[in-house]
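So you can see what is in the structure, the chains are spelled out below.
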There are 2 protein chains.
Amino acid sequence: MYPLIALVASIIALLSAAGAAFMVLAKPKGTERMVEIYEAIKQGAKAYMGRQYKTLLTFMIILSVIFALAVDYGYFVSGREGYEIYFPHTGLSFLVGAIFSALAGYVGMRVAVEGNVRTANSAKSGLKEALGTSFKGGLVMGLCMVGLALLGVTVFYLAWRNPFLFAGFGFGGSLVALFARIGGGIYTKSADVGADLVGKVEAGIPEDDPRNPAVIADAVGDNVGDVAGMAADIFETYAVTLIGAMLLGWPLFKQTGSTVFLEYPLLLGAIAIFSTLVGALVVRVREGGDPTSAILRGIAVTAILAIAGFYYATWQLFNSLNLFYAAMIGVVLVVILAIFTNYYTSYKYSPTKAIAEASQAGPAINLIRGLANGLESAIFPIIAIALSVVGAYMLAGGMYGDVGMGMYGVAIAAMAMLSIAGIIVSVDAYGPIVDNAGGIAEMAELDPKVRDITDTLDAVGNTTKALTKVFAIGSAGLAALALLLAYMEEVATYRGVMLSELASRLALTRPDVILGLILGGGLTFVFAALCMKAVGRGAFGMVTEVRRQFKEIPGIMEGKSKPDYARCVDIATRTALRGMALPGAIVILSPIVVGFLFGPYALAGLLIGSIVSGLALALMMANGGAAWDNAKKYIETGTFGGKRSPAHAAAVVGDTVGDPCKDTAGPAINPMIKAINMISIILAGLIVATVFFA
Amino acid sequence: MYPLIALVASIIALLSAAGAAFMVLAKPKGTERMVEIYEAIKQGAKAYMGRQYKTLLTFMIILSVIFALAVDYGYFVSGREGYEIYFPHTGLSFLVGAIFSALAGYVGMRVAVEGNVRTANSAKSGLKEALGTSFKGGLVMGLCMVGLALLGVTVFYLAWRNPFLFAGFGFGGSLVALFARIGGGIYTKSADVGADLVGKVEAGIPEDDPRNPAVIADAVGDNVGDVAGMAADIFETYAVTLIGAMLLGWPLFKQTGSTVFLEYPLLLGAIAIFSTLVGALVVRVREGGDPTSAILRGIAVTAILAIAGFYYATWQLFNSLNLFYAAMIGVVLVVILAIFTNYYTSYKYSPTKAIAEASQAGPAINLIRGLANGLESAIFPIIAIALSVVGAYMLAGGMYGDVGMGMYGVAIAAMAMLSIAGIIVSVDAYGPIVDNAGGIAEMAELDPKVRDITDTLDAVGNTTKALTKVFAIGSAGLAALALLLAYMEEVATYRGVMLSELASRLALTRPDVILGLILGGGLTFVFAALCMKAVGRGAFGMVTEVRRQFKEIPGIMEGKSKPDYARCVDIATRTALRGMALPGAIVILSPIVVGFLFGPYALAGLLIGSIVSGLALALMMANGGAAWDNAKKYIETGTFGGKRSPAHAAAVVGDTVGDPCKDTAGPAINPMIKAINMISIILAGLIVATVFFA
């Protein structure tokens, strides 16, 4: 029965998304100039997504054929449970996961593009209308994501009944999300940094000024990077966490014969969807009201309903609240992470103020201080995550308790954390929508009042954006740990023993485990490096191109002749597509190389090593970047000399350096640490079977 | 017999150091103006070291009393082997280690200060004389360091015969080295960055210009940071590696009854000293010759002699070459690390050239590219270190072999790596000596030819400096891993079982191990953050003060009135002393808190987690900083506009940001990852005995 509830919930979510989408599309697009800008952004975004998806789809089809032939056939030959007759379970589910993830990203991008212009137009009628339009746009995405993820997993479960057979669904999602995050991140920051450095800093024209040749590329970037990338990312986190929980439920099912361990995560997902639908209804603001409290109210209502539902469901299913307590750990973790993020990135508090103050001594001191703050900011979320793992494990499994239940508890905590993903994504997607609406208002030279309204909404967007980022990292960390545990279970299954019998092979005393750990530590660094490098390259190309246009096109500064927007769009597109190949390849290949060369225990080391350094690095980059951004905004409020002071110029340098940290490399680490876990889970059996010293 | 050879070797090393010191001191100091500058630097350096050591010594005495009362008494009560009667082994050896480490730093600083001015004076007579003086200065330090470390460990071994009893010697050394690295690093970079930002960038006066109020603080910083900090650091690495190897030899001794496993590391140390003495003799250059090849010749001769000696000694002692092969891994690792470092930091190769090129688009792109390169540069050394661990383990212990022998092999590889520490330190210390000699030549307005000679020597110093840095990180990584293994042995000893029986408690499946790992990953980040923050604060204070003096002291720019050097010295001193407290406390307290709260297995996780992220972070910071520096130098050769171009200004920002990375936070991570291992080794028994869920 539970899977059917999940099926119904996911369909309701998708239908509600469609409804919200129609409501957005029904709104008028505004003036001719607005439509013109909208068309340019739409063309650019569709062109980029089209090229990205064409490349990716080809690649995914090839991979799925390889999986069908190598992985599925290998499992068939070795007679793995579920492979009694040959069927390309992994290949098929992988391809479906990839397509769903791409769909989530595409829907996100399309809704955002349609929402931007309509929000700008709604803002003419005031705050209430503008919030309504933009939040509905975000809602489409939030509901789509969780709906698609839950639908996919539920249907596969109903069809195949064994989570291992459709682990490929998660990996397909991970991989597309990974490329979407990398590619979109490179695109958006190449364009943004390039536009700002020449436009704002050198030429002194405002942001989103239509005279800036990179302005359309910048707007396209917001849609394909911030929105589509994030959509694919959260879809992926949701799907892999669900699958991870089911994989960890599998040995419990084998022990007890009860499918409740497999179906409980699905039920949690369904409860979360119903809670999200109610929570979304209360996000309303009256004219002159405070949009922040409206949004926080929506999140709170969703969370409370979800908690109540979890309580009831857990008691009904297990006659014990242990797993409910584990789930609560996940919910509490979100709140704690939000508090720390706010402290380290808002200019109300001393860390960000200190960066602004340091700017008075020039860009170098701003950067030293910002780097230091970013590095420091990682520790508290890390402590919270570490304690959550132990807490969830012990609450579910007992102090000396059941390893299997303990691990399952960690997965349930991650799942609970994601229960509010739907509303969080809605809120996050709303951010770039109003941001872009403001841009369109600027470019279309609308009444400044319109820009004021979008700015008010945008300020809220910045708060929620920081919240989502830390939510994405925290949930990725917990999900990745659950997947790591699932991987180790897989290895044990394949060795035909209980995990406890294998434990000594996974000990820190083993040289192969140490090797894996150290390599994993370096892996996220080189991954982040390649993302940053691509942005550096793209931004450099963009700067050169914008400088050239300003010099070579006569009358461009007076607004008499139009800049060549298309060339800037082209530079961003090419850099992004080229830049995502190498980091993507590293993520796919390193677990394969380490696994087959050094065995499954070295691979376990690699996985946790990359989580260990990846968490710290992602938090450092996300918080550091946000703090640099807000330090600049703090100076713009008039402190330390205000706009156009030397301190402001220094802060702009910091902000620019922070951009690829917080919007490219940092967020790309989230899908990365899950993707390498997923591929390891899929290959575990083959590695155990073929490696000499397994 | 072997310990006696070690004793003789260490005494010969110290006598040779004294001889070299007399030879340096016998040289004349030069003109009156030079003596005046020398006095100012000497006063500043002595004042800082005096204050630093007074604070540290008090703290160390308190700690040693605590160790004597808590640790030693605890072991006495629990009847640990060696504690048949109460004796404060740990407290006493800790204090001696701390004093020796401080002595190493102090000697280093004094020799450097005396050597600087004399090198400047020797340079009047040409390259040969200048190299002779400066290299002898470096040699004093190199020989002192290894001599003191080997002497201390050998005497304790002869007296107590049990490495665990004098593990405190290593921890004392670690702790002083840690504070010396942090404090010295903060001092030198606060002064350097402050001096450069206002002097070079804003006022446009050359480096080391006597009109700059921060110039004396800068010179003092080079001596207390680069030299004294590095001296204490290498002393520490040497001592803890020696002790770590003996600790891992202990269970082998227990099994076989042969002391050869305890004495072999001492013998390797003795062989290395004799090799170093011969190697030092061949470092000579004729007038107009190439000092680089002279120095590399010295290193090569030392290495070849050491290898030959290791071969002979290993065969004699063990009738097997397995441990010799493990030792060779350490030697090969040094070469491989040097190659990668050179590739990622020299402007002959594309990574550094790319940073220079990116500077044309402004400081932000320079920084993005530099950060990316730094992050990327970590991976190859990490792969090399990871493979070395597995290689040394397997060569010594066999593929399915003996865990004990395998671990011992890792320690021997680390020991072999350090065999060339003496000559490397000599070469490294020579770098700051000639650098400062150049500064003195500038300040004393000597003949430009003198500066040319010191510049020639300094260019060599930059190459060797990069080599030493990577040597320090690589050896720290290997040493820390050996210590981690020693820690786990300790835990097993205390549980009264073989390590293999404990292995499953150290498994990656355990939530406490995972907790430790994640926390360890964050620990190095927050540690580095606090170091960077202190530099940011100090540099900010320095910038403000120098700006004030330029504005308020009339005639300062015309050289008519003297700047107030003392105030700048004071700012650097205060920032450094204040800045070292918190990072130091974190290093001491976190293993205690994690160990006693979450048990010995969580602590094992913390230790390796900090190695995993520490290695990556230290490599990123060292290489990133060096590459930024060299990118600036590349532009100064006339590329991309040369000096005073916008690209150069951008590169200066990158260089300044890189400074605290490569000279404060990065190097401080080396003693940090060993210090937390050492304190864990010392406390292991108590943690096992008191923690509830051990």
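(A) Here's a closer look at the overall build of chain A. When its secondary structure is counted, chain A shows 21 helices and 0 strands. Against the 2.2 N^0.38 benchmark of 26 Å for 694 residues, chain A shows a C-alpha radius of gyration of 24 Å, consistent with a compact globule. Taken over the C-alpha atoms alone, chain A extends approximately 75 × 50 × 45 Å along its principal axes. Partitioning the contacts of chain A with sequence separation of at least 6, the portion at a separation of at least 24 is 83%. As presented, chain A carries roughly 20500 Å² of accessible surface, and 65% of it is formed by carbon and sulfur atoms. Seen as two clouds, the 48 positive and the 47 negative side-chain charges of chain A have centres 2 Å apart.

(B) Region of interest: the pattern of salt bridges. Taken as a whole and judged by the stated rule, the model has 61 salt bridges over all chains. Between glutamate 545 of chain B and arginine 548 of chain B there is a salt bridge, and its shortest N-O distance comes to 2.8 Å. Highlighted residues: glutamate 545 of chain B and arginine 548 of chain B, both in helix H17 (residues 511–552), separated by 3 residues, approximately one helical turn. If you follow the salt bridges from partner to partner, you end up with Lys189, Asp192, Asp629, Lys633, Asp659, Lys662 and Asp663 of chain A in one network.

(C) Focus on the relation of the copies chain B and chain A. The transformation that overlays chain B on chain A combines an axial shift of 0.0 Å with a rotation of 180°, and the residual RMSD is 0.0 Å. The symmetry that links the two subunits is that of a two-fold axis. When the interface residues of chain B are mapped onto chain A, 100% of them again lie at the interface, so the same face is used by both copies.

(D) Geometry of a nonpolar patch on the surface. All names here are of chain A. Taken together, the side chains of Leu57, Ile61, Val65, Leu69, Tyr73, Val77, Tyr86 and Ile99 define a hydrophobic patch exposed on the protein surface, amounting to about 730 Å² of accessible area. Counting residues per element, the nonpolar patch draws most heavily on helix H2 (residues 32–77), which supplies 6 residues. By the secondary structure assignment, tyrosine 73 is in helix H2. Taking the relative accessible area as the measure of exposure, tyrosine 73 reaches 44% and is therefore partly exposed.

(E) Quick peek at the interface of chain B and chain A. Contacts between chain B and chain A engage 78 residues on the former and 79 residues on the latter. Of the roughly 6900 Å² buried at the junction of chain B and chain A (both faces included), carbon and sulfur atoms supply 85%. Among the residues of chain B in contact with chain A, Leu508, Ile518 and Phe525 of chain B are the three that bury the most area, contributing 11% of the side total. For the pair chain B and chain A, the interface holds 2 salt bridges. Of the charged contacts in the structure, one is a salt bridge between lysine 533 of chain B and glutamate 376 of chain A, with a shortest N-O distance of 2.5 Å. Taken together, the connections running from chain B to chain A amount to 6 residue pairs in polar contact (both at pLDDT 80 or more).

(F) Representation of the environment of alanine 17 of chain A in the model. For alanine 17 of chain A, the location among the structural elements is in helix H1 (residues 2–25). Separated by 119 residues in sequence, alanine 17 of chain A and lysine 136 of chain A place their C-alpha atoms 8.8 Å apart.

(G) Layout of the side chain of arginine 369 of chain A. Along the polypeptide, arginine 369 of chain A turns up in helix H11 (residues 363–377). Salt bridges are absent for the buried arginine 369 of chain A, whose nearest opposite-charge side chain, glutamate 376 of chain A, sits at 6.2 Å. Each residue touching arginine 369 of chain A, except ones within four places of it in the same chain, is listed here: Ala354, Ile355 and Ala358 of chain A together with Lys533 of chain B.

(H) Examining the confidence of the model for chain A more closely. Across chain A, pLDDT averages 90, with 99% of residues at or above 70. As scored by the predictor, the complex reaches a pTM of 0.95 and an ipTM of 0.94.

(I) Seen up close, the packing of helix H5 (residues 167–203) of chain A against helix H6 (residues 215–256) of chain A. Residue and element names in this part refer to chain A. Where H5 contacts H6, the two axes come as close as 7 Å, and the packing angle between them is 155°. In terms of axis orientation, H5 runs roughly antiparallel to H6. Between H5 and H6 lies a crossing of left-handed hand. Residues that form the contact of H5 with H6 fall into these classes: 16 nonpolar, 9 polar and 7 charged.

(J) Geometry of the packing of aromatic side chains. On inspection of all chains with the given rule, the structure shows 58 aromatic pairs over all chains. The rings of Phe87, Phe100, Phe156, Trp160, Phe166, Phe169 and Phe235 of chain A are connected pair by pair, giving a single aromatic cluster.

(K) Representation of the packing of helix H8 (residues 291–318) of chain B against helix H9 (residues 322–345) of chain B in the model. Residue and element names in this part refer to chain B. Running from amino to carboxyl end, H8 crosses H9 at an angle of 155°, the nearest separation of the two axes being 9 Å. Classified by the interaxial angle, the pair formed by H8 and H9 is roughly antiparallel. By crossing handedness, the relation of H8 to H9 is classed as right-handed. Two secondary-structure elements touch here, H8 through Ile307, Phe310, Tyr311, Thr314 and Phe318 and H9 through Leu323, Phe324, Ala327, Met328 and Val331. Grouping the amino acids of the contact of H8 with H9 by side-chain chemistry returns 9 nonpolar, 1 polar and no charged.

(L) Structural detail: the environment of methionine 672 of chain A. Counting through the fold element by element, methionine 672 of chain A comes out in helix H21 (residues 646–690). Note: C-alpha distance between methionine 672 of chain A and phenylalanine 527 of chain A (145 residues apart in sequence) is 8.6 Å.

(M) Region of interest: the side chain of threonine 302 of chain B. You can see threonine 302 of chain B is positioned in helix H8. Not counting residues within four places of it along the chain, the set of residues in contact with threonine 302 of chain B comprises Ser275, Thr276, Gly279, Ile420 and Ile423 of chain B.

(N) Quick peek at helix H7 (residues 260–281) of chain A. Its 22 residues give H7 of chain A an end-to-end C-alpha distance of 32 Å, which sits within 8% of 32 Å, the value for a rise of 1.5 Å per residue. Among the 22 residues of H7 of chain A, 18 are classified as buried, and the element is accordingly described as predominantly covered.

(O) Representation of unusual backbone geometry in the model. The phi angle at glutamate 445 of chain B is positive, at roughly 50°, despite the residue not being glycine. Here glutamate 445 of chain B shows up in the loop between helix H14 (421–443) and helix H15 (448–495).

(P) Examining helix H20 (residues 600–636) of chain A more closely. Residues and elements named next belong to chain A. With 37 residues, H20 should cover 54 Å at 1.5 Å per step; its first-to-last C-alpha distance of 53 Å lies within 8% of that length. Residue glycine 614 marks the point of greatest curvature in H20, where the axis turns by about 25°. In terms of burial, H20 is largely enclosed, as 35 of its 37 residues are buried. At the C-terminal side of H20, glycine 638 shows a positive phi close to 115°.

Cut-offs applied
Residues numbered from 1 in each chain as written. Chains lettered and ligands numbered in written order. Predicted model: local features only at pLDDT ≥ 70, side-chain atom pairs only at ≥ 80, totals over all residues. Heavy atoms only, no water. Helix = DSSP H or I, 4+ residues; strand = E, 2+ residues; numbered from the N terminus. Rg over C-alpha atoms; globule rule 2.2 N^0.38 Å. Contact = heavy atoms within 4.5 Å. Areas by Shrake-Rupley, 256 points an atom, 1.4 Å probe, with all protein chains shown as cover. Lys, Arg positive; Asp, Glu negative; His and termini not counted. Charge placed at Lys NZ, Arg CZ, Asp CG, Glu CD. Salt bridge = Lys/Arg side-chain N within 4 Å of Asp/Glu carboxyl O. Least-squares fit on C-alpha atoms with pLDDT ≥ 70 in both. Patch = residues over 30% accessible without salt bridge, like charges linked within 9 Å, V, L, I, M, F, W, Y side chains within 5 Å. Buried < 20%, exposed > 50% of the residue type's maximum accessible area, 1.4 Å probe, protein only. Buried area = accessible area lost by both parts, 1.4 Å probe. Polar contact = N/O pair within 3.5 Å; in protein donor to acceptor, adjacent residues only side chain to side chain. pLDDT = per-residue confidence, 0-100. Axes fitted to C-alpha atoms, helices over the stretch in contact; angles between N-to-C directions. Parallel < 35°, antiparallel > 145°, perpendicular 65-115°, else oblique. Left-handed = near helix turned anticlockwise from the far one by under 90°. Nonpolar A, V, L, I, M, F, W, Y, C, P; charged D, E, K, R; others polar. Phe/Tyr/Trp six-rings, centres within 6.5 Å; stacked < 30°, edge-to-face > 60°. Expected span 1.5 Å × (residues − 1). Bend = angle between axes of the 7 residues up to and from the residue.

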